[in-house]
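# A look at the structure
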Amino acid sequence: MLDPSTARIHSFRVLPALPEALAPLQEIAHNLWWTWQPRAAALFEQLDPDLWEETHHNPVKLLGAIDQSRLDRAADDPAFIHAVGQAIEQLHAHESRPSWFQNVHGDLPAPAGRSPLIAYFSAEFGLTECFQIYSGGLGCLAGDHLKSASELGVPLIAVGLLYRNGYFHQYLNADGWQQETYPDLDFSNQPIHRIIDPETDRQRLIWIDLPGRRVAVGLWQCNVGRVTLYLLDTNLEENSREDRDITRNLYGGDVERRIQQELVLGVGGVRALEALGIQPTVYHMNEGHSAFLALEHIRQLRRETDATFDDALAATSASHLFTTHTPVPAGIDRFSPELIQNYLSPLLPELGIDLNRLLSLGRERPDDNGEFFSMAVLALKTSNRCNGVSRLHGEVSRTMWSSLWPGVPENEAPIGHVTNGVHTRSWVAPSVMALFDRYLGWSWQRNPADHTVWNDVETIPDEELWRTHEIERERLVTWSRKRIREQLSRRGLGRADIEVAASALDPEILTIGFARRFATYKRATLLLQDPDRLRAMLNDAKRPMQILIAGKAHPADGPGKEMIRELVKFAESNGKSNRIVFLEDYDIDVARRLVAGCDIWLNTPRRGMEASGTSGMKAAMNGVVNVSVLDGWWDEGFETEIGFAIGRGETYDDSDLQDKVEGRALYDLLERQIIPEFYHRDVSGLPRQWIARMKQCIMHVAPQFSTNRMVADYTEKYYLPAAQSCVSLAADNLAGARSLNGQLHRYREHWRAVGIESVDSPIGSTMKLGDSAPVKCVVQLGALSPEEVAVQLYAGSVTSLGELVDVTPLELQHGASLGEGRHEFTGRVTASKSGRFGFSVRVLPKHNMLDQPLVPGLITWFGGHAPKQAKKSKKLVGAQG
C-alpha cells in the first residue's frame, strides 16, 4: 500500500454510468429517506439481489458495482422505470409537502441574525446498516429522531462525527471469546458527499485548536428526508497521522482520544455551522459528548457582542437542551483537571474566565480541586432545559444529580423526561406494513402517533396476522441458519457439525429474542440461573422453545465478553439438541430481522439501570410480546394484556439475591403462563389468546412509543419554549440576558439575609376534607423587595415516616411591609386529601426571564432545610423469593 505520508495522491470520485431513465436512482440512493420506504429500497434489491446483500444494503455501492448489462435491462423495463418514477415523486413530495410543524406551529421563533433551526448534536447516528457510525441504542435513537423530524417537518439539522472505521464488527473465536475488526467505511461509497467551498472548489474546512497545533476538520453532508446531517472528519492531508485518527473509531482509544473527539464534535460542530452561515436558535445535546458546544456558543456570542461571560451564559443556556441517557455516574465521561487545562486553555481568553471557573462548570462540588470534570455536569450547568428518556429515568436522574440544586427536594430537581420512541416505518417488517396498509389505511404512516388510527388493528383477521407473523419467524430461522453456517465455518467446524447446529432451529416453535449491548447490568445470563430447568423448557417434546441471542460487548469490557462466552459455552453443552444460538455482529439489519420474527422479546436489566431501551418497542410494533423487568420504557408501557413483567418493580440491596429471585420469576412466567398460552390452539389451529395479546401490544405501543410522538413532545415541551426564551434574552443586544444576569448577581449578593422568621396558622390537630385555613408568615428579605421573590406554601400528604408526598406548591401573597426588611405573606392551605396532611414554607427567586425558579443556592426553607420526601421505588432488603 502506498504510504500517503510520503506521496501526494490526486484522488477523484468515479460515478456509475446510469442510463438516463435510471438517473433518479442516484438521488434516491443519496437520501436516506429510502431506509423507511420498502418500495424504494426494493428497487435496488431488484437490480441485483445478491449484490444488495453483499453490499450490506448499500444502494450507493450497489450502483457503483453492478454490471452495466443489468442496468441496461432495467432501463428497458417499463414497469421498473414506472416504479422509479413513482419513488422519486414520493421523495420530492415528502420534501415539499406541508408538515405537522408548519400546520400547527408555523415558524420557529428566532432572534435577529439567528437561523430558525434546532441543531441536534450526537456522537453517533444509526440510520442504516451499511453506514455504521453508530454502536447501538443511542445511535439508533438519534437516527430515528432525524427521520421523525423529517416526517413532522420540524426545522432541525444535525451534527455528528464521520468515523473512518465506524464501530467495530464482531466475531467469536473457537473459545467463544469476542474479537473485533475495524474495516474502512469507504466514504466514496456511502450516502454522503463532501461540502465544497465555492471559493476554493475544495472541501470546506474548519479548524480547532489542540495542544501545540491546529487541526483541520472536513465537512460532509448526509440527507435524511428533509433533514440535513452534517458530519465532521479529521482524516485530512492537512493533519498529522495522529490527528487524522481522531475520527477513526467510535468510542475507541484512550481518554485523550475521547476528549479530542468531543472537542471536534462540540467546538468543531458549532464552528462548522457558522462556516456554513448557520447560527441555530436551539441546540440539543443528545448525551454529554457534545457539551463543549456550550463553551463555543458562549465564545461566539462574546465575540459578536460586549457581553460578559455570565451574560453570555445566561443567553446561551436558555437555548440549550440536554438529554441524558445515563442512569449511573460511571457511564459519564470525566476528564482530569490537567487534561482540561491542557486542551481548553486556548479558549479561556475568549471566554473571559480563568481555569478555576471553567473547571467549576464541570464539577458537582466546584471547590473540590481534585474532582474530575464531568461532561454531564457541564451540560447540566449550561442548559436551562434537561431531560431523561423515560418516566423512571427522569426520577433516577433527578436523584442522581440532585446535589447540583442544594435545598431543592429531589423530585423537584429541574430534570424532566421525554420517553424515547422508535421510528415506526424503519422497524416494522414490510409484510406487517402491508397488513397495516390493508386494514388501517394510510393514516398510520402519516400520523403514527395517533392512537385512534391503531384501534383498527382489531379488524385484522386473526388468521392473517398469525400467518404474517409465522412467515416472519420462518424468514428469521432461515436467515439464522445461514448465519450460523457462516459463523461456524469461520471457527473451523466440520460440515456435519455445522449442519447439526443449523438444523436445531425450528421455524414452528416458540422463539425468544434477546439482543442488546452486553453490559453486566443487562444480565444476559439471568436465563442460566437454573440450567437444568432451562434445558427442560428448550427440549420439551410437545412445547419446546428456542432462544436467539445477539449483542456486542465494548472492546474494553471483559465481564461483558465473559457473559457472551458463558452463553456460547452453555449452548455448546447441549450438543445436537442446542436451541440457543448466538448471532454474531449485531447491527440494524440483525435487529430488524429479530424484532419481526421472534415471538417473545426478553429484557432483564437491573431496575433503574436501563434509561429507556427501545428494542422492545420495535418488537412490540411487529406484534412481538415483551417479557421484561419493569425498567426504562416498560415501567410505563407495561399492561397485563400486552406483555409480561418480571417482578413488580422492586429494587434490592443484594444483587445475588435479586438474580435468584428474578431468575425464578422468569422461569415461572415461561412455564406457567407464556409457554401454555403460546401453544394453546383452538380447533382451527390458532392461538387466539396469544393473537389477542399481539393485537393489544401493537395498539398500545405503536402510537405511544413512536418517535413521531417523541419529537412532537420535544418540540412542544422544549424546542419552542427554548426558542421563545432565546428571543426574549437576545433582544436589544442581549438586554434580557444582561437584566437576568444582573438580577442573579443581586440575588447572590443579598440572599444570605433571606429567612423565614415565623409561620402561623390556626389549624389544630384535625381538619375536614375540603376545608381551608389561613396561613401567615413573616419573611426577612433584607435588601430584596417582595416583588423579587416567590414565597410558597409547600403542602402535601405526610407519610408515617414524616415525609411529604404529592406536594403542590402555592404562592402566598404579600400582605404588609413590617419594616427593616421584614414582610408578611398570607394565603390559605386546603385539606385536599384525607389522612395526615402538612405543609412548609419556602422562598425562591422570581424574575420574568427565569425559565424556572430553582436556582442553585437560592432557596430558603422554614426551619432551614427542605422537608423529607418519600421515594416511589419499592425496595426489598433481604427479601425471600
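Okay, so let's go over this structure. (Residues numbered from 1 in each chain as written. Predicted model: local features only at pLDDT ≥ 70, side-chain atom pairs only at ≥ 80, totals over all residues. Heavy atoms only, no water.)

The strands that make up a sheet are held in pairs by hydrogen bonds between backbone atoms, and each pair lies either parallel or antiparallel. The strand order 27-26-30-31 describes an open sheet built from 4 strands, whose pairing is antiparallel. Both outer strands of the open sheet, strand 27 (804–811) and strand 31 (860–861), are each paired with one neighbouring strand and no more. (Pairing = 2+ DSSP bridges. Helix = DSSP H or I, 4+ residues; strand = E, 2+ residues; numbered from the N terminus.)

Let us look at the pattern of salt bridges. The final tally for this structure, using the stated rule, is 62 salt bridges. For Arg425, the salt bridge identified is with Glu151, shortest N-O distance 2.5 Å. In this pair, Arg425 is assigned in helix 18 (residues 424–427) and Glu151 in helix 8 (residues 137–152), connecting sequence segments 274 residues apart. A residue is classified by how much of its surface remains accessible, and Glu151, at 6% relative accessible area, is buried. Measuring nitrogen to oxygen at the nearest pair gives 2.7 Å for the salt bridge that ties Arg533 to Glu671. Linking Arg533 in helix 24 (residues 531–538) with Glu671 in helix 29 (residues 655–679), this pair joins segments that are 138 residues apart in sequence. Take Arg533: its relative accessible area is 21%, and that puts it in the partly exposed class. (Salt bridge = Lys/Arg side-chain N within 4 Å of Asp/Glu carboxyl O. Buried < 20%, exposed > 50% of the residue type's maximum accessible area, 1.4 Å probe, protein only.)

Here we take up the packing of aromatic side chains. Per the stated rule, a full pass over the model turns up 25 aromatic pairs. Relative to Trp444, the ring of Phe436 lies with its centre 5.3 Å away and its plane at 75°, an arrangement referred to as edge-to-face. In this structure, Phe436 and Trp444 share a single accessibility class: buried. Taking 4.9 Å as the distance between ring centres and 85° as the angle between the ring planes, the aromatic pair formed by Tyr794 and Trp861 counts as edge-to-face. Residue Tyr794 is located in strand 26 (residues 789–798), and its partner Trp861 is located in strand 31; the two are separated by 67 residues in the primary sequence. Just as Tyr794 is buried, Trp861 falls in that class too. Positioned above the aromatic ring of Phe678, the side-chain terminus of Arg681 is 5.2 Å from the ring centre. (Phe/Tyr/Trp six-rings, centres within 6.5 Å; stacked < 30°, edge-to-face > 60°. Lys NZ or Arg CZ within 6 Å of the ring centre and 35° of its normal.)

All right, on to the side chain of Gln696 then. Position of Gln696 among the secondary structure elements: in helix 30 (residues 688–704). The exposure class of Gln696 is buried, given its relative accessible area of 18%. With sequence-adjacent residues up to four places away left out, Gln696 is seen in contact with Glu458, Glu641 and Ile642. (Contact = heavy atoms within 4.5 Å.)

So, about the nonpolar core. Within the largest apolar cluster, 179 residues are counted, with the highest numbers of intra-cluster contacts made by Phe292 and Trp401. No other element matches the 15 residues that helix 31 (residues 707–750) contributes to this core. Beyond its immediate sequence surroundings of up to four residues, Trp401 is in contact with Ile332, Arg334, Glu364, Ser374, Ala376, Val377, Leu380 and Ile415. Residues Tyr134, Ile588, Met617 and Ala619 belong to the second largest nonpolar core, which totals 99 residues. (Core = buried A, V, L, I, M, F, W, Y, C linked by side-chain atoms within 4.5 Å.)

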